[in-house]
Amino acid sequence: MTNKNYKCLCLSVFASALATVSLTQAPKKFSIADTLRGSINPARAWWNVQRYDLDIEPDFSNKQLKGTSTIVYRVTDAAQLESMQIDLQEPLQITAVLLDKKISIAFAKSGSVWMLAMPRQAKGSDHEVAISYQGKVHEAIRAPWDGGFIFAKDSLGRPWMTVACQGLGASVWFPCKDHQSDEPDKGASLTITAPDTLVAIANGRLQFTRNNNNGTSTTRWAVVNPISTYCLIPYIGMYKKFSEVYQGEKGRLDLTYWALDYNEAKAKSYMPDQVHKMLKAFEHWFGPYPFYEDGYQLIETSHTGMEHQSAVSYGNWYKFGYRGRDMSGYGWGMKFDFIIIHESGHEWFGNNLTTKDLADMWVHEGFTNYSETLFVEDVFGVKASNEYNYGTRKGIKNDVPVIPVYGVNAQGSGDMYPKGGNMLHSIRHSMGNDEKFTQLLRGLNRTFYHQTVTSKQVEAYVSKQGGFNYQPVFDQYLRTIQVPKLEYYVGGGRVYYRYTNCVKGFNLPVVLSGSNTRIRLLPGTGWKNSAVTAAQAALLTPENIRFMYYVEPILVEKP
Ligand SMILES: [Zn+2]
């Protein structure tokens with residue numbers, strides 16, 4: 001990315017973020033492949049994924065993969081097409097498809113899309129389709145920025161494998177319905193056959209490990225909760241684990257930490273402290289950790305990190321900051337482990353609430369960026385959190401709107417992180433009621449528990465629960481690149497104010513509090529005025545406004 005100050009952490013593909021930029025700037029011609037990948041077309045609409053059971057055997061030396069992806073699905077539309085779209089990216093190849101354990105199914109390939117010739121099935125009936133596949137697998141070279149299978153070596157030269165595929169999609173390594181809107185309602189399992197000298201880990205809980213007496217062992221892990229396909233991930237290496245039980249809001253939560261064997265001592269003295277602080281802060285602000293049934297695992301990886309559900313990737317070198325850098329410029333970013341906090345924040349925003357379309361990814365990244373600010377507030381206080389949030393603002397480019405086009409698997413601009421976080425900080429302060437704001441965040445996680453959502457649903461929820469029409473505010477920050485200007489002046493015991501450089505009807509309230517006074521303004525795009533005491537007027541400094549609100553405050557001469 002061109003912006004060195006703020007790297008987008010969970011975008012798997014920098015190149016694709018750049019592509020989004022250029023596509024949005026110079027209107028875009030999306031291909032049929034983009035539409036097939038990014039929309040719910042008729043070959044995807046008639047069936048709903050119930051489960052994935054994935055069985056794989058990676059070949060480290062040849063960078064190949066073979067396996068079977070078994071998809072249990074429910075027929076949801078009687079007028080189903082006879083085609084079922086399965087996504088699997090080259091160079092992997094499907095070799096056989098078996099329906100309900102007995103019917104061999106014909107298939108045809110077009111790029112990354114495979115159409116299976118299915119018989120007609122009754123609406124409401126459940127079936128399973130087992131898709132065998134194999135071949136070379138696309139390798140990530142700069143994970144997690146480019147997606148793919150990762151064939152790394154640890155510092156002792158031993159194999160260390162995993163996957164990072166957000167944006168690019170899980171179809172880069174297994175056959176699936178590669179669209180965020182359809183999560184497996186009844187969970188998923190991942191069965192890994194690997195050299196028996198290595199440890200194989202995946203999401204959720206261990207089901208069994210079996211030595212095959214041929215130099216390999218087979219290990220199965222499973223989650224009971226819905227999960228995004230890009231979050232179902234194997235980790236294979238020379239791991240050691242340690243575990244503990246955390247007493248959380250919903251009771252006992254199993255925490256398991258996995259580090260490379262030679263980092264075990266370092267991990268023991270480092271990881272639990274950050275994870276405990278994270279859980280304390282986020283359960284307070286967002287509600288209970290959303291996956292108690294599957295536990296929480298933190299797993300060391302060769303790449304920076306990723307929010308893999310209940311099996312969070314960690315590659316931040318056991319150092320505070322983001323690989324040793326402060327994301328805020330105020331020093332606060334060097335006082336916690338950015339990857340543990342940020343990627344775990346996604347358990348609530350990204351994994352609990354998941355957007356249906358990648359274009360709405362600000363819901364994942366904006367709220368999770370703001371989770372960093374809330375974490376800083378919990379641990380270091382209000383001044384620290386305001387500075388942290390304001391400090392991340394320097395990463396906003398405002399070159400293209402946060403939300404790109406829908407239906408073509410386009411992801412939002414990198415601004416979705418700091419601009420999303422700054423928008424939420426502004427909305428919070430405009431409410432002037434932290435209890436209400438906390439309940440709003442918790443309500444989002446409760447109302448949309450384990451669901452896929454649209455940005456519009458989230459926006460409507462915030463307006464309803466916030467008791468104010470925030471639609472122009474969302475439109476301003478998510479759909480334009482202008483930063484609103486708050487023009488104001490004080491005179492004769494009154495304050496005069498208006499917004500410019502903004503969408504029609506932009507109406508972000510400005511609430512400022514001092515030790516024993518407070519002021520609430522409801523600016524619009526025309527001049528308004530209200531009575532103000534000297535103490536209230538003293539609150540109206542550009543610096544005060546700037547730290548609480550993502551607007552440009554301008555003290556003007558009386559017009
Ligand atoms: Zn993220």
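Everything numeric in this text was worked out from a predicted model, so none of it was measured.

Here the focus is the side chain of Gln-536. Relative to the elements of secondary structure, Gln-536 occurs in helix α12 (residues 534-539). Residue Gln-536 is classed as buried on the basis of its relative accessible area, which comes to 16%. From its side chain, Gln-536 meets the backbone nitrogen of Thr-533 in a polar contact 3.0 Å long. The contact partners of Gln-536, leaving out residues within four places of it in the chain, are Thr-517, Arg-518, Ile-519 and Ala-531.

Turning to the environment of Gly-331, a few remarks are in order. Looking at the element boundaries, Gly-331 is found in the loop between β20 (312-314) and α5 (338-345). Residue classification places Gly-331 among the partly exposed positions, given a relative accessible area of 30%. C-alpha of Gly-331 to C-alpha of Thr-218: the two residues are 113 residues apart in sequence and 46 Å apart in space.

Here we take up the packing of aromatic side chains. For any pair of aromatic rings, the description rests on two quantities: the centre-to-centre distance and the angle between the ring planes. Tallied over the full model, the rule gives 42 aromatic pairs. Their ring planes at 75° and their centres at 6.1 Å tell us that Trp-221 and Trp-258 sit as a pair that is edge-to-face. Placement of the pair is Trp-221 in strand β14 (residues 216-223) and Trp-258 in strand β17 (residues 251-260), with a sequence separation of 37 residues. Judged on exposure class, the residue Trp-221 and its partner Trp-258 are both buried. When the ring of Phe-349 is compared with that of Phe-367, the centres are 4.3 Å apart and the planes differ by 10°; the resulting orientation is stacked. A residue pair is termed long-range when its members are at least 10 positions apart, and Phe-349 in the loop between α5 and β21 (353-355) and Phe-367 in helix α6 (residues 362-380) qualify at 18 residues. We note that Phe-349, like Phe-367, is buried. One residue, Lys-177, lies across the ring of Trp-47, its end atom 4.3 Å from the ring centre.

Scanning the entire structure with this criterion turns up 23 salt bridges. A salt bridge links Glu-128 to Lys-101, with the shortest nitrogen-to-oxygen separation between them at 3.3 Å. Here Lys-101 lies in the loop between β4 (93-99) and β5 (103-104) and Glu-128 lies in strand β8 (residues 126-136), a separation of 27 residues in the sequence. With a shortest N-O distance of 3.7 Å, Glu-293 and Lys-250 are connected by a salt bridge. Placement of the pair is Glu-293 in the loop between α4 (264-286) and β18 (296-300) and Lys-250 in the loop between β16 (239-248) and β17, with a sequence separation of 43 residues. The class for Lys-250 is partly exposed, based on a relative accessible area of 43%. By sharing partners, the salt bridges in this structure join Asp-154, Arg-158 and Asp-261 into a single network.

Here the focus is the sheet that holds strand β28 (residues 552-555). As a general point, the strands of a sheet are linked pairwise by backbone hydrogen bonds and lie either parallel or antiparallel. Strand order in the open sheet formed by 4 strands is β27-β24-β23-β28, and the pairing between neighbours is mixed. Single-partner strands in this sheet number two, and they are β27 (528-531) and β28. Strand after strand, the sheet turns through a mean of 25° between neighbouring axes, direction not considered.

Attention shifts here to the confidence of the model for the protein. The predicted model of the protein averages 93 in pLDDT, with 95% of residues at 70 or higher. Here residues 1-26 scores under 50 on pLDDT; set against residues more than four positions off or in separate chains, the count is 82 contacts.

Moving on: the sheet that holds β4. One open sheet accounts for 8 strands, arranged β5-β4-β8-β2-β1-β11-β14-β13; its pairing is mixed. Each of the sheet's edge strands pairs with one partner strand only, and the pair in question is β5 and β13 (205-211). Across 12 bridges, the pairing between strand β1 (residues 47-59) and strand β2 (residues 64-75) is antiparallel. Note that in β2 the partner of Val-49 across the bridge is Tyr-73.

Assignment of secondary structure puts Val-532 in the loop between β27 and α12. Residues Val-532 and Gly-493, spaced 39 residues apart in sequence, show a C-alpha to C-alpha distance of 5.5 Å. In contact with Val-532, not counting residues within four places along its chain, are Val-490, Gly-493, Arg-494, Val-495, Ile-519 and Ala-537.

Packing of α6 against helix α7 (residues 382-392) leaves a shortest axis separation of 7 Å and a crossing angle of 155°. Comparing their axes, α7 and α6 come out roughly antiparallel. Considering only the axes of α6 and α7, their crossing is right-handed. On α7, the residues that touch Asn-369, Tyr-370, Glu-372, Thr-373, Val-376, Glu-377 and Phe-380 of α6 are Val-382, Ala-384, Ser-385, Tyr-388, Asn-389 and Thr-392. Each residue belonging to the contact of α6 with α7 can be placed in one class, and the counts come to 6 nonpolar, 5 polar and 2 charged.

Parameters and conventions
- Residues numbered from 1 in each chain as written.
- Predicted model: local features only at pLDDT ≥ 70, side-chain atom pairs only at ≥ 80, totals over all residues.
- Heavy atoms only, no water.
- Helix = DSSP H or I, 4+ residues; strand = E, 2+ residues; numbered from the N terminus.
- Buried < 20%, exposed > 50% of the residue type's maximum accessible area, 1.4 Å probe, protein only.
- Polar contact = N/O pair within 3.5 Å; in protein donor to acceptor, adjacent residues only side chain to side chain.
- Contact = heavy atoms within 4.5 Å.
- Phe/Tyr/Trp six-rings, centres within 6.5 Å; stacked < 30°, edge-to-face > 60°.
- Lys NZ or Arg CZ within 6 Å of the ring centre and 35° of its normal.
- Salt bridge = Lys/Arg side-chain N within 4 Å of Asp/Glu carboxyl O.
- Pairing = 2+ DSSP bridges.
- Axes fitted to C-alpha atoms, helices over the stretch in contact; angles between N-to-C directions.
- pLDDT = per-residue confidence, 0-100.
- Parallel < 35°, antiparallel > 145°, perpendicular 65-115°, else oblique.
- Left-handed = near helix turned anticlockwise from the far one by under 90°.
- Nonpolar A, V, L, I, M, F, W, Y, C, P; charged D, E, K, R; others polar.

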